[in-house]
Amino acid sequence: MKKDPFGSLAASIAALATALGFLALQLRADGYEPYVDSVATASVVMYVTSALIVLTWVRARRPHSD
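About the cut-offs
- Residue indices begin from 1 for each chain and proceed along its sequence in written order.
- Only residues with pLDDT of at least 70 get local features here, since the model is predicted, and only at 80 or more are side-chain atom pairs given and counted; chain-wide, interface and lining totals rely on the full set of residues.
- Note: side-chain values were computed over all heavy atoms of the structure, leaving out hydrogens and water.
- Like charges are joined within 9 Å and nonpolar side chains (Val, Leu, Ile, Met, Phe, Trp, Tyr) within 5 Å, but only among residues with over 30% relative accessible area and no salt bridge; these make up the patches.
- Note on areas: these come from Shrake-Rupley sampling with a 1.4 Å probe, and a residue is covered only by the protein chains present in the view.
- By salt bridge we mean one thing: a side-chain nitrogen of Lys or Arg within 4 Å of a carboxyl oxygen of Asp or Glu.
- Note on conventions: DSSP H or I runs of at least 4 residues are helices, E runs of at least 2 residues are strands, and numbering of each starts at the N terminus.
- Relative accessible area decides the class of each residue, using a 1.4 Å probe on protein chains only: under 20% of the type maximum gives buried, over 50% gives exposed, and in between gives partly exposed.
- We call a set of buried Ala, Val, Leu, Ile, Met, Phe, Trp, Tyr and Cys residues a nonpolar core when their side-chain atoms join them within 4.5 Å.
- Contacts are residue-level and defined by heavy atoms, with any inter-residue pair within 4.5 Å sufficient.

1. Some thoughts on a nonpolar patch on the surface
Here is step 1: A cluster of nonpolar side chains, Val44, Val48, Leu52 and Leu55, forms an exposed patch at the surface whose accessible area comes to about 350 Å².
Here is step 2: In this structure, leucine 55 sits in helix α2 (residues 33-61).
Here is step 3: Taking relative accessible area as the criterion, leucine 55 reaches 46% and is therefore assigned partly exposed.

Here it is in structure tokens:
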């Protein structure tokens with residue numbers, strides 16, 4: 001499998017997760033507490049998704065030992 005689709009997908013999802021993290025901090029600073037938890041949770045889910053994409057890419061590149 002090529003690196004390009006996995007790398008760009010993982011990077012873009014991580015960038016979006018970072019943007020959501022900053023949005024959560026800004027919401028907290030502006031006093032929108034009811035929305036902070038959901039935005040922060042979405043950010044964490046996106047970071048986990050990005051990590052799982054990288055893990056899938058690494059495992060797909062390993063030769064099969066069967």
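2. Here's the deal with the nonpolar core
Here is step 1: Listed in full, the five residues of the largest apolar core are Leu20, Ala24, Leu27, Val36 and Val39.
Here is step 2: Mapped onto this core, the elements with two or more residues apiece are α1 (3-30) and α2.
Here is step 3: Top contributing element to this core by residue count: α1, with three residues.
Here is step 4: Discounting residues that sit within four places of it in the chain, leucine 27 has contacts with Tyr32, Tyr35, Val36 and Val39.

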